[in-house]
Amino acid sequence: MQLGVDFGTTRTIVAYADRGNYPVVTFADADGDPQEFVPTVVALVDDELVYGFEALRAAEAGAVPLRSFKRALASPEVGPHTVVHVGDRQVPLLEVITGFAASLRHELLTSGSARDLLEGPTLSAAIAVPAHAHGAQRFLTLEAFRRAGFEVTAMINEPSAAGLEYSHRQGRTLNSRRTRVVVYDLGGGTFDASLVKVDGTAHEVLDSLGLNDVGGDDIDVVLADCALAEAGLTWDDLDVRAQAELLGDAREAKERLSPQAKRLVIDVAGRPVIVKVAACYAAATPLVERTIAAMGPLLGMLEATDSPDLSDIAGIYLVGGASGLPLVPRLLRERFGRRVHRSPYPAASTAIGLAIAADRDSGYSLTDRLSRGFGVFREGESGRRLSFDPIIGREVVLPGAETADRVVVTRRYRAAHNVGWFRFVEYAALDQWGEPRGDIVPFAHVVFPFSPDLQGRDDLEQVGVQRTEGGPLIEERYTIDPHGMVEVNLTCLDTGYSQTHALRAREPVG
Ligand SMILES: Nc1ncnc2c1ncn2[C@@H]1O[C@H](COP(=O)(O)OP(=O)(O)OP(=O)(O)O)[C@@H](O)[C@H]1O
Ligand SMILES: [Mg+2]
């Protein structure tokens, strides 16, 4: 049986394919009540890591939980070496995510509502990553799920999966004139938007954009700020535990907000504080405006103030738990009118779309794009000259999971120096001069020996860069796999000396 697993910042949701239906798995919470999610939380109990509902229970008994650890994956510096703090222990992030995924697998097999349909030990699943996830983020997610005993059949961008759920449910809004859907996904920690073209059951993602640092968690902070201001306090007046409680209370108050509410009550250091909803909304509006500006280019808007082109848009589909804040649909409808639809299952839309993608019998197909560019700063004269070469554009279509084909880009040239300095990066966008702009993530820094007499030496950084005449023939080869991960191969064709650089984790210790 095929699963769709949406590893979310605050909640992880699983759906499965069952003869054309895509039900959401329920799990038992601490009281034994069914919930359509597992909280993405870890806590330390007696020197052991516990996850999900068990971690929440431990938190109630006094353990300090770590939430939103998926956010650490988005950091440009993230790698297999990254550690996070759980209680008083430092734990590798990869170990935390692997442990979480292993506990999820265990729950699926023992207590989840689909346990009787599942066969272990390995579970087959499509998983999701934020649309603009960089290579290391994709790699660590995939690696953690594999180590935890999942066979990952596909890794799909979150809003692309939600686009499948839209056309499965709202297919009637699509017609020959209106063939495109914009998915607006405001989750706990990230904002993602995709423009999906739908032709019958064929889905093609035309573009995806997003913000790695805006989500419901940030709205909680805004509400907590409002409550603190009302109480005449600052964050420094609260200890760590009281801060965590304030944020938790702000989140609960936010999730209970009805469209008509005028006031909300948030506990600050044990005392209830009444806050005006209008003031909170005013403070949260810039966050929502940022998401609208980020999505703008998908609707032909170049500036946030331009008017959108909605002529072939069947719907703007709101998914993600944080789109439940009444302010969000309100601001979007002010901008885009009646074509704004909220998903009936905002939190589960991605997981359902993943289950549809994983289901070989669904008849739905999905073509997705890299959505982050890959390029290299080539340094001449040991960094004194720097030029940028965009190698793979963010619009490149990813190879399908079932094809052996890989997207390959090659470059060949005669070396003009004795060594080559390459700073490979992933980038979100290019500016008008063709230089990467905004968020840039390092991929690898490589010093490659062009001169045959330097090949095999390990002190190349010390070798001064010199121009050479008639250098050897060099080939650069770039390959992208179906998960959107790039592998770089540099070869001296004269001698056969070659190096390959890809994202790899260190083997688990012990
Ligand atoms: N009714 C509601 N009103 C407002 N916010 C809500 C509501 N229900 C849930 N949320 C918020 O939605 C967020 C979680 O959304 P969701 O479950 O889509 O995120 P996620 O998948 O865990 O995160 P991400 O997709 O960013 O990794 C939290 O910030 C939560 O407080
Ligand atoms: Mg999500």
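Residues numbered from 1 in each chain as written. Chains lettered and ligands numbered in written order. Predicted model: local features only at pLDDT ≥ 70, side-chain atom pairs only at ≥ 80, totals over all residues. Heavy atoms only, no water.

Caption draft 1: Highlighting the pairing of strand 24 (residues 419-430). Judged by how many residues are buried, strand 24 sits mostly within the fold: 9 of 12 residues are covered. Between the antiparallel neighbours strand 24 and strand 25 (residues 436-449) lie 5 residues, among them Gly434 with a positive phi of about 80 degrees. (Buried < 20%, exposed > 50% of the residue type's maximum accessible area, 1.4 Å probe, protein only. Helix = DSSP H or I, 4+ residues; strand = E, 2+ residues; numbered from the N terminus. Pairing = 2+ DSSP bridges.)

Caption draft 2: How the structure looks around the site of ligand 1. The local shell around ligand 1 holds 20 residues, among which Thr9, Thr10, Lys70, Glu255 and Gly321 are the closest. Within the backbone of Arg11, a nitrogen or oxygen atom sits 2.9 Å from an oxygen atom of ligand 1. One of the backbone nitrogen or oxygen atoms of Gly188 is found 2.9 Å away from an oxygen atom of ligand 1. About the coverage of ligand 1: the protein hides 90% of its 650 Å² of free accessible area. Elements supplying a minimum of two residues to the shell around ligand 1: helix 5 (216-231) and helix 6 (240-256). A total of 3 residues in the shell around ligand 1 trace back to one element, the largest contributor, which is helix 6. Each of domain 1 (2-214 + 286-367) and domain 2 (216-285) gives at least three residues to the shell around ligand 1. (Near = heavy atom within 4 Å. Polar contact = N/O pair within 3.5 Å; in protein donor to acceptor, adjacent residues only side chain to side chain. Areas by Shrake-Rupley, 256 points an atom, 1.4 Å probe, with all protein chains shown as cover. Domains from an automatic or database assignment.)

Caption draft 3: Up close: the nonpolar core. Core analysis: the biggest nonpolar cluster contains 58 residues, and Leu108 and Phe150 have the highest contact counts within it. Here this core gets 8 residues from one element, more than from any other, and that element is helix 2 (residues 93-110). Each residue touching Leu108, except ones within four places of it in the same chain, is listed here: Leu3, Val14, Val25, Phe27, Arg115, Leu118, Leu123 and Phe150. Of all hydrophobic cores here, the second largest spans 51 residues; its members include Leu186, Val268, Leu287 and Leu332. (Core = buried A, V, L, I, M, F, W, Y, C linked by side-chain atoms within 4.5 Å. Contact = heavy atoms within 4.5 Å.)

Caption draft 4: A look at the layout of surface pockets. Of the volumes computed, that of the second largest pocket is approximately 760 Å³. In this structure, the second largest pocket is lined by 29 residues; those nearest its centre are Leu209, Gly210, Ala428, Ala429 and Arg437. Those elements giving two or more residues to the lining of the second largest pocket turn out to be strand 15 (202-211), helix 7 (277-295), strand 24 and strand 25. In terms of residues, the lining of the second largest pocket owes the most to one element, strand 15, which gives 5 residues. Within the lining of the second largest pocket, the residues separate by chemical class into 13 nonpolar, 7 polar and 9 charged. When we break the lining of the second largest pocket down by domain, the ones giving at least three residues each are domain 1 (2-214 + 286-367) and domain 3 (373-501). (1 Å grid on protein atoms, 1.4 Å probe; cavity = no way out; pocket = protein on both sides within 12 Å on 5 of 7 lines; lining within 4 Å. Points joined across faces, edges and corners; volume = space filled by probe spheres on them. Nonpolar A, V, L, I, M, F, W, Y, C, P; charged D, E, K, R; others polar.)

Caption draft 5: How the structure looks around helix 5. In a regular helix each residue adds 1.5 Å, so 16 residues correspond to 22 Å; helix 5 covers 23 Å between its end C-alpha atoms and thus fits that length. Every buried residue of helix 5 is listed here: Gly216, Asp217, Asp218, Ile219, Asp220, Val222, Leu223, Ala224, Cys226, Ala227 and Leu228. Looking at the buried residues of helix 5, the elements they touch are helix 6, strand 16 (263-268), strand 17 (271-276) and helix 7. Where helix 5 terminates, the next one or two residues include Gly232, which has phi positive at roughly 70 degrees. (Expected span 1.5 Å × (residues − 1).)

Caption draft 6: Spotlight on a positive patch on the surface. A contiguous patch of positive charge on the surface is contributed by Lys262, Arg263, Lys276 and Arg330. If you trace the backbone, Lys262 turns up in the loop between helix 6 and strand 16. (Patch = residues over 30% accessible without salt bridge, like charges linked within 9 Å, V, L, I, M, F, W, Y side chains within 5 Å. Salt bridge = Lys/Arg side-chain N within 4 Å of Asp/Glu carboxyl O. Lys, Arg positive; Asp, Glu negative; His and termini not counted. Charge placed at Lys NZ, Arg CZ, Asp CG, Glu CD.)

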